[in-house]
Amino acid sequence: MKIYRTLYQAYGPRHWWPGETPFEVMVGAILTQNTSWRNVEKAIRRLREEGVLNGAGIHQLKKSELASLIKSSGYYRIKADRLKAFVSFLFEDYSGDIERMRKEELGTLRQKLLGVNGIGPETADSILLYGLKKPIFVVDAYTKRILLLHGLISEKASYEGIQGLFMDHLPHDEKLFNEYHALFVHLGKTVCKKIPRCDGCPIKGIRREARSGRREV
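This structure is a prediction, so every number in the text was calculated from the model and none was measured.

Draft legend 1. Focus on the overall build of the chain. When helices and strands are tallied, the chain shows 13 helices and 0 strands. Overall, the chain shows an N-to-C arrangement of helices and strands of α-α-α-α-α-α-α-α-α-α-α-α-α. Once the C-alpha set of the chain is aligned to its principal axes, its extents read approximately 55 × 35 × 30 Å. In the chain, buried positions account for 47% of the 217 residues. Sequence-distant contacts, at least 24 apart, represent 62% of the contacts inside the chain between residues at least 6 apart. Of the side chains in the chain, 36 bear a positive and 25 a negative charge, and the two mean positions are spaced by 6 Å.

Draft legend 2. Inspection of the pattern of salt bridges at higher detail. Scanning the entire structure with this criterion turns up 7 salt bridges. Here Lys63 and Asp81 are joined by a salt bridge, their closest N and O atoms 3.2 Å apart. Here Lys63, found in helix α5 (residues 63-69), pairs with Asp81, found in helix α6 (residues 76-94); they are 18 residues apart in sequence, far enough to count as distant. Note on Lys63: relative accessible area 46%, which makes it partly exposed. Given the relative accessible area of 32%, Asp81 is considered partly exposed. Overlapping salt bridges, with partners in common, bring together Glu20, Glu24 and Arg48 in one network.

Conventions adopted
- Residues numbered from 1 in each chain as written.
- Predicted model: local features only at pLDDT ≥ 70, side-chain atom pairs only at ≥ 80, totals over all residues.
- Heavy atoms only, no water.
- Helix = DSSP H or I, 4+ residues; strand = E, 2+ residues; numbered from the N terminus.
- Buried < 20%, exposed > 50% of the residue type's maximum accessible area, 1.4 Å probe, protein only.
- Contact = heavy atoms within 4.5 Å.
- Lys, Arg positive; Asp, Glu negative; His and termini not counted.
- Charge placed at Lys NZ, Arg CZ, Asp CG, Glu CD.
- Salt bridge = Lys/Arg side-chain N within 4 Å of Asp/Glu carboxyl O.

Take it as geometry only, folks, not as evidence of what the structure does.
Printed below as a string of structure tokens:
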């Protein structure tokens, strides 16, 4: 919580994840794999302009048509397959109803999502947290880099190990997890880069505190 409060004081609320509907957020979570958000925004704009930025719209599109609309997101044929697989899951398990999906128990729904082609832990947790407002902490490359640079994890730390560090030591609050992850993304983009700018890091002193007794993952 000290890290969170320090980052929040430094950067303020980040208002993340951008999206007009839960389904749009879920589409963004799939499209953002291995590309920049700017490219995802272009793809989402195309889907919206064509009137297919909804479960039924994507469900009815041919894969080739969908691929052409999301070309800006990179790996667009693969991502078209993944979007179609996700939408098929949505219709097969929840009759295309996001609210029905939201009512599913968190652990059960997460396991189902991980069984969908192309959806790994980060994408599944982004769908759960940002799309469905479920209290689960999202771990991404920024999270891992920041924690590693500040001596809070080892290089071998797994996704589950890092996630557990937050889930075990924070209240299970969706809004907290949302804002915390968004603050990490901002810190990773502006300060904790591959070549870090440590002088401008709001949490640079946390390394010393981490050495005194915090468990390592």
